[in-house]
Structure formats: C-alpha cells, structure tokens
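# Reading the structure
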Amino acid sequence: MPAPAPSLETTVGPLALKNPFLLASGPPTTSGERIRHAFRLGWAGAVTKTIVPDTMEIRDVSPRFATWKDGNSGLLGFENIELVSKHEESYWVSEIAATREEYPDRILVASIMASPDPREWQELACTVQDAGADAIELNVSCPHGMPERGVGAAIGQHPDLVREVTRAVRQVARVPLIVKLTPNVTEILPIAEAAVDGGADILAAINTVQCLMGIDLETLEPRPSVAGFGTYGGYSGPAIKPVGLRIVSQIARELPVPLIGIGGISRWQDAAEYIAAGASAIQVCTAVMWEGAGIIRGMNEGLSGYLSRKHFTGVGALRGRALERIGTHAALSRDRRLFASRRFPERCTSCGRCVTACRDGGYHAVSMAGGEVVIATERCDGCSLCSHVCPEGVIVMLPGA
Ligand SMILES: Cc1cc2nc3c(=O)[nH]c(=O)nc-3n(C[C@H](O)[C@H](O)[C@H](O)COP(=O)(O)O)c2cc1C
C-alpha cells in the first residue's frame, strides 16, 4: 500500500487553512464573484483588493501595466501603477458576508488602508470584521500613488507609524491581524518588529518593489505611458521572488511571528521555497493574472507530491527547514573549493560562451582548442560563471581532484 499523500492543511498563527495557497490582494480579488470563483477552484483563502474609506477618492489611469518578458513571451517581471479598490465600503460589506456564507471553510481576509488618522483605520477595521472577515490585513505597503497621499508605503516605511496604526487596529480587532510589509526599506527588521510590537498576529511580505519598467527609446516615454507621462510603479512576478525570499527568511530568522510569503510565486516550487524559508502560507497575485486562478490545481498537486517524495509529513514539517543554512558571509566555508568541469561534453556545441565569459569576466581558465572547450583547472578560481552562461548545461562545478 502506498503511503497516503501528505496533508496540505496548515496553520498560520490562529488561521487554519485547507492548503497554504491564498490569493493576494489585487485584480484577482477585485470582486466577491472573482474570489468565489477562485474558491471553487480550490484556493484556501483570499485577501480582498484593498478596501479604503468612501471618503478616499480612487481614480485609476489607463494603461496601468507594463511587462518584461523572455523570448517566448513568458513573464519575467510585471509593473503596475494601479490603485486600491474602487468599490464602496457597502459593496464589500455585502460581498464579504455573501462569500463567508457560501464558503465557510475558506479564509477571507479583508485588506484595508486608511489615512494616517488611527481612528479611520479603526472604523474601517470594525466595518470589515462586522461583515464577517476572518482576518484583517493592513496595507501599509503600496508603493505607488497612495504614498503621495500619505498612506500605503508612506506609513510602512516608518516603524513608528507602523506601530501606531497596528496598535490602533489591534484595540478594536477581534479577528487576527496581518500587517503586509513593503520591501522598499533599507532594513526590514525594525519595521517587522514595530508591527509585532503594535499587536500583529501575522506578517505578510512582500508588497511590490518600487520600479521604473523602461523607457521607449523612440518616444522617450516611460513605460507604462499615460498620455505620454509615467510614474514609479510596483514590480511583481518572477523577478521579485529573490527579494521576497530574502525578506521572509530575514524575518523568520529573527522573529517568532507567523509569516505569509508573497512575491513572484507562480509554481509549486516557488511556494515550497518560501515555506522552507519560514513562511506558513503564501499569497499569489501576478501569476493568477497571467495564467488564471486554475493554477491552484498544479500548485496543490506539485506541493503534495514534493512533500511526499521528500517524506515530509506536511507543510509544517517543511516550514523554515532551510533557515539554519542561511547566515552571514563570514560563516561560509573557505575550505571547500569547486572547479569547473565538462561533465556532459557530448552536449557541447562549441558556442564559445564559456570561453568569452571566463576571459572577460572570470580567470582565463576556459579556452577553445581544436573546436573543443578546454578547462585549465589550475587557473580556475571556482566562481561558477561558465556553468551559468553555458546554454547546454555542459559545465558543472565539482570538487577538485
Ligand atoms: C495589478 C496589481 C494590483 C495590486 N493591488 C494591490 C492592492 O490593492 N493591495 C495590496 O495589498 N497589494 C496589491 N498588489 C500587490 C500584490 O498583492 C502582491 O503583494 C505583489 O504583486 C507581489 O506578489 P506577486 O508577485 O505574486 O504578484 C497588487 C499587485 C498587482 C500586480
């Protein structure tokens, strides 16, 4: 009899989830109908598009997205200059209630944002929790548009403001409180500590990375161009996963607070990496915009298969398992050296990329002789550049003889 598949059930602080996958706040959660569609497909939870007080006017621009793609139209990075929810509070009150009633076994998180006045945060928090939200996520991290108005990352970049807003909502919140962090700070720990100090039950990281996607060299218009002009936006998608992983692991190593990992997750492997880096659950936005909410099936199957193959009893057994291997540079071994080696010479097309890279960016250890790549091990410094530029995977790094 094969062993039963490991359970994907997990807990993040006081919240119990059927699986670790939640929709992040954004276009996939812009309406109750979209959230319920995702729940039908198997998502364990969702964070609403950020709800703001009716007094805060929200007018989006068009277009508001720009992309960076690889040669096959696969998404590498995504920029948005979209604002928060355009729906009124009353819309969300009825949609939260309707979604709760139809899907009592899922976790519905209300994302909220208000002016720096703590009373405004408290009123909005009461409104969404009275409507039935299972948890509240404080958006103190939107990097575009809203900071110009003193909210979003304008709050989240200052520990004192984060503590004040979190503490104010904590005073009225009966449901778990999540604070969503901005990566657009020099040091994440003072911000994370301030949120925990203010009463956050869970931290979610990251919101988008502030960026400028590009400039059209014919017109000199920034991308995205709104009638010829642009602004700084929020970067998301695969390109930001390394930033998210860095921040989640940095917090996990220092603070005993439950974490939700966000940023560039589009495959089960990305989710597994975030969990190994300390996250209890994860959120996805851009990948759902790009490929649809149906990706949940592959994510659940893939993660379950991985846990089973690696003999992890469940998500909790994987959580934080990579952390003991992440530390200071000084602590890294200087004793073990690897050297470039042509492990699979039959795959080599003699394209010469490794030769050029090692000549101009390495140590002159790789050359071409009679149409064949030759590695002079005594010159190799073990940097690994040649193994990365090789398009055929011919070169691998191996311990020296
Ligand atoms: C178009 C768009 C709109 C977004 N709107 C919100 C929002 O209203 N509130 C919020 O907290 N995050 C918002 N986000 C940020 C996402 O929730 C998420 O933190 C970020 O995109 C990184 O995750 P990803 O790489 O999976 O997209 C938005 C992201 C995108 C791409």
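## What about the nonpolar core?
Judged by nonpolar contacts, the single largest core of 90 residues is most densely connected at W43, W121, L203 and I251. At six residues, helix α10 (residues 295-309) tops the list of elements feeding residues into this core. Excluding its chain neighbours within four sequence positions, the residues that come into contact with L203 are I178, V179, L181, A192, A195, V196, I251, V257, P258, L259 and I260.

## What about the pairing of strand β6 (residues 75-80)?
Counted residue by residue, β6 has five buried out of six residues, so it is predominantly covered. Relative to β6, strand β5 (residues 65-69) runs antiparallel, the two sharing five bridges. Residue pairing across strands places W68 opposite G77, the latter belonging to β6. Linking two consecutive strands that pair antiparallel, namely β5 and β6, is a turn of five residues; a positive phi of about 65° is found at S73 within it. With three bridges connecting them, β6 and strand β14 (residues 233-236) associate as antiparallel partners. Counterpart to E79 in the pairing with β14 is Y235.

## Regarding the sheet that holds strand β7 (residues 107-112)
The strand order around the closed barrel formed by eight strands is β3-β4-β7-β8-β9-β10-β15-β16, and the pairing between neighbours is parallel. Averaged over all adjacent pairs, the angle separating strand axes in this sheet is 25°, with direction ignored. Bridge analysis of strand β3 (residues 21-23) against strand β16 (residues 281-284) gives three bridges, and the strand direction is parallel. Of the residues in β16, the one forming a bridge with L22 is Q283. Taken strand by strand, helix α5 (residues 159-172) contacts β8 (135-139) and β9 (177-180), and its axis lies near 160° from that of β9.

## Quick notes on the packing of aromatic side chains
Counted according to the given criterion, the structure contains six aromatic pairs. Their ring planes at 70° and their centres at 5.5 Å tell us that F39 and Y103 sit as a pair that is edge-to-face. With F39 in helix α1 (residues 32-41) and Y103 in the loop between α2 (89-102) and β7, the pair connects residues that are 64 residues apart, well separated along the chain. Overall, F39 belongs to the buried group, its relative accessible area being 1%. Aromatic pair W268 and Y306: ring centres 5.5 Å apart, planes at 35°, arrangement tilted. Pair noted here: W268 is in helix α8 (residues 268-276) and Y306 is in helix α10, with a separation of 38 residues, a long-range link. Taking relative accessible area as the criterion, W268 reaches 21% and is therefore assigned partly exposed. With relative accessibility at 19%, the residue Y306 sits in the buried group. Within the aromatic cluster, the residues linked to one another by ring pairs are W268, Y306 and F312. Cation over ring: R347 sits above F344, and NZ or CZ is 4.0 Å from the ring centre.

## Observations regarding the sheet that holds strand β11 (residues 209-211)
Backbone hydrogen bonds are what pair the strands of a sheet, in a parallel or an antiparallel way. Judged by pairing direction, the sheet is antiparallel, and its four strands sit side by side in the order β5-β6-β14-β11 without closing on themselves. A single partner strand is all that each edge strand has here, and the edge strands are β5 and β11. Going across the sheet, the axis of each strand differs from the next one's by a mean of 35°, ignoring polarity. By the bridge criterion, three bridges tie β11 to β14 in an arrangement that is antiparallel. If you follow Q210 over to β14, its bridge partner there is G234.

## A word on α2
A turn of α-helix holds 3.6 residues, and therefore any two residues three or four places apart point the same way. When the terminal C-alpha atoms of α2 are compared, their 20 Å separation across 14 residues agrees well with the 20 Å that a helix rising 1.5 Å per residue should span. Burial in α2 covers these residues: E89, W92, E95, I96, T99 and R100. Down the axis, α2 shows its buried residues gathered within 130° of arc, on one side only.

## Some words on the site of the ligand
Near the ligand you find 25 residues, and of these S25, T50, K180, G264 and T286 are the closest. A distance of 2.9 Å separates a nitrogen atom of the ligand from a polar atom in the side chain of K49. Measuring from an oxygen atom of the ligand, one finds a backbone N or O atom of G264 at 2.7 Å. The protein chains hide 98% of the 610 Å² of surface that the ligand would expose on its own. Counting residues per element, the ones that place at least two in the shell around the ligand are β6 and α9 (286-291).

Criteria and thresholds
Here the residue index of a chain counts from 1 through its sequence in written order. Per-residue local features of the predicted model are confined to residues with pLDDT of at least 70, and side-chain atom pairs are confined, for both listing and counting, to 80 or more; whole-chain, interface and lining totals are unaffected and use all residues. Calculated side-chain values reflect all of the structure's heavy atoms, with hydrogen atoms and water omitted. Only buried residues count toward a nonpolar core. Its members are Ala, Val, Leu, Ile, Met, Phe, Trp, Tyr and Cys residues joined through side-chain atoms within 4.5 Å. Type-normalised accessible area, obtained with a 1.4 Å probe on protein chains alone, sets the label of each residue: buried when under 20%, exposed when over 50%, and partly exposed for intermediate values. Counting from the N terminus, the helices are the DSSP runs of H or I reaching at least four residues and the strands are the DSSP runs of E reaching at least two. Residue contacts follow a heavy-atom distance rule, with two residues in contact if any of their heavy atoms lie within 4.5 Å. Pairs of strands are assigned from DSSP output, requiring at least two bridges between the strands. Every angle, taken between N-to-C directions, lies between 0 and 180 degrees, and every axis is a line fitted to C-alpha atoms, over only the stretch in contact when it is a helix. Ring pairs shown here join Phe, Tyr and Trp side chains whose ring centres sit within 6.5 Å, with only the six-membered ring taken for Trp; geometry is labelled stacked below 30 degrees between planes, edge-to-face above 60, and tilted in between. By definition here, charges over rings are those cases where NZ of Lys or CZ of Arg is within 6 Å of the ring centre and within 35 degrees of the ring normal. Multiplying one less than the number of residues by 1.5 Å gives the expected span of a helix. Within this analysis, the arc is defined by the directions that extend from the helix axis to the C-beta atoms. Only a single heavy atom is needed: when it lies within 4 Å of a molecule or strand, its residue is near that molecule or strand. Under the rule applied, a polar contact is a pair of N or O atoms within 3.5 Å (in protein, one hydrogen donor and one hydrogen acceptor; residues adjacent in sequence only if both atoms are side-chain atoms). Computed by Shrake-Rupley with a 1.4 Å probe, the accessible areas treat only the displayed protein chains as cover when residues are assessed.

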